[in-house]
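# Descriptive structure summary
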Amino acid sequence: GGVAGDRRVKDRRAHLEAEHQRLEGAAQATATAAQHQRPVAPAWLCAAINEVMPGNTVYVEETITHRPAILRHVKWSQPQSYFHPTGGLGQGLGLALGVKLAMPQRPVVALMGDGSFLYNPIVQALGASAENHLPVLIIVFNNSSYAAMKRSHLEFYPQGAAATTGVFYGVDITGPNYAQLVEPFGGYGERVEDPAKLKVALRNALEAVNSGR
């Protein structure tokens, strides 16, 4: 207690603030270094999300491979701003709609991997969104694969057939043009391959969602 205790608290705060600034600086440097990469780097996409999305955004995240980047780079400071479904894939869109129903005044952004997205009842979810006036913004982190499955192949069987031949069954996803899936429901979509166009696309999407689409 007393003067010594106050000094310890002050020193601890200074240490934690310095460490926080170091981590934030490292994250920003990672995102900046990736800003021109093709395909679009997850860190740069997350940086664009941070810049465009308002402070009261609620994020519903259903990814696997991209989760570390999202947790590291996407920022929120208000309570009830991050939700992640548990118990299996395919719940993210339903959860996002439920969150929007519960918090209609806050923008809801669903961060989805392409593989995770395809586990969801997409048609039903988009239909429910339109019919019940629950506009949400869906961002698909598309790496054209079930990358977690490929990682598991290599972790469990590092000298196995997949590792030695380069053939990974059940991993590649050709996938549709995800941006076009919302069109039958009156939604707005963009497919972004140029990292320089990310922020414009996100602003367009946010404007569409704010208008009720």
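Above this text sits the structure in question.
A brief look at the structure comes next. Here, residues in each chain are numbered from 1, in the same order as that chain's written sequence. Local features in a predicted model are, by the rule used here, given only for residues with pLDDT of at least 70; side-chain atom pairs are given and counted only at 80 or more, and totals for whole chains, interfaces and linings are based on all residues. Side-chain descriptors were evaluated using all non-hydrogen atoms of the structure, hydrogens and water having been removed beforehand.

### Topic: empty space enclosed by the protein
Here a cavity denotes a set of grid points, spaced 1 Å apart and computed over the protein atoms alone, in which a 1.4 Å probe fits but from which it cannot get out, and a pocket denotes an open set meeting protein on both sides within 12 Å along at least five of seven lines; residues with an atom within 4 Å of a point are reported as lining. Grid points are joined across faces, edges and corners, and a volume is the space filled by probe spheres set on the points. Tallying each qualifying case throughout the model produces one cavity of 30 Å³ or more. In this structure, the largest cavity spans a volume of roughly 40 Å³. Every residue lining the largest cavity is listed: Leu93, Ala96, Leu97, Ala125, Leu126, Ser129, Val136 and Ile138. Secondary structure elements are defined from DSSP: runs of H or I of at least 4 residues count as helices, runs of E of at least 2 residues count as strands, and each element is numbered from the N terminus. Among the elements of the structure, helix H4 (92–102) and helix H6 (122–131) are those that each provide at least two residues to the lining of the largest cavity. Of the residues belonging to the lining of the largest cavity, the class tally is seven nonpolar, one polar and no charged. Residue classes follow a fixed rule: Ala, Val, Leu, Ile, Met, Phe, Trp, Tyr, Cys and Pro count as nonpolar, while Asp, Glu, Lys and Arg count as charged, and any other residue, Gly among them, counts as polar.

### Observations regarding the packing of helix H2 (residues 42–52) against helix H9 (residues 198–210)
Between H2 and H9, whose axes approach to 9 Å, the crossing angle comes to 45°. On the basis of their axis angle, the class for H2 and H9 is oblique. Judged by the twist between their axes, the crossing of H2 over H9 is right-handed. The residues of H9 that touch H2, namely those facing Trp44, Leu45, Ala48, Ile49, Glu51 and Val52, are Leu198, Lys199, Leu202, Arg203 and Leu206. In the contact of H2 with H9, the residues fall into eight nonpolar, no polar and three charged. To get an axis, fit a line to the C-alpha atoms, keeping to the stretch in contact for a helix; angles then go from 0 to 180 degrees between the N-to-C directions. For classification purposes, an angle smaller than 35 degrees is called roughly parallel, one larger than 145 roughly antiparallel, one from 65 to 115 roughly perpendicular, and anything else oblique. The handedness criterion is simple: a crossing whose near helix is rotated anticlockwise from the far helix by less than a right angle is left-handed, and one whose near helix is rotated clockwise is right-handed. In this description, contact between two residues means that some pair of their heavy atoms is separated by no more than 4.5 Å.

### Points about the packing of aromatic side chains
Each aromatic pair joins two rings of Phe, Tyr and Trp (for Trp, the six-membered one) with centres within 6.5 Å, and gets the label stacked for planes under 30 degrees apart, edge-to-face for over 60, and tilted for any other angle. Throughout the structure, instances matching the rule amount to four aromatic pairs. Seen from their ring centres, Tyr59 and Trp76 are 6.2 Å apart, and the 45° between their planes marks the pair as tilted. With Tyr59 in strand E1 (residues 58–62) and Trp76 in the loop between helix H3 (67–73) and strand E2 (82–83), this pair connects stretches of sequence that are 17 residues apart. Partly exposed describes any residue whose relative accessible area lies between the buried limit of under 20% and the exposed limit of over 50%, with all areas from a 1.4 Å probe on protein chains only and scaled to the type maximum. Look at Trp76 and you get partly exposed, because its relative accessible area is 32%.

### Some remarks on the sheet that holds strand E4 (residues 137–141)
For two strands to count as paired, DSSP must find a minimum of two bridges between them. The parallel open sheet is built from four strands, whose spatial order is E2-E1-E3-E4. Each having just a single partner strand, E2 and E4 make up the two edges of the open sheet. Bridging between strand E3 (residues 108–113) and E4 involves five bridges; their strand directions are parallel. Residue pairing for E4: Val109 is matched across the bridge by Leu137.

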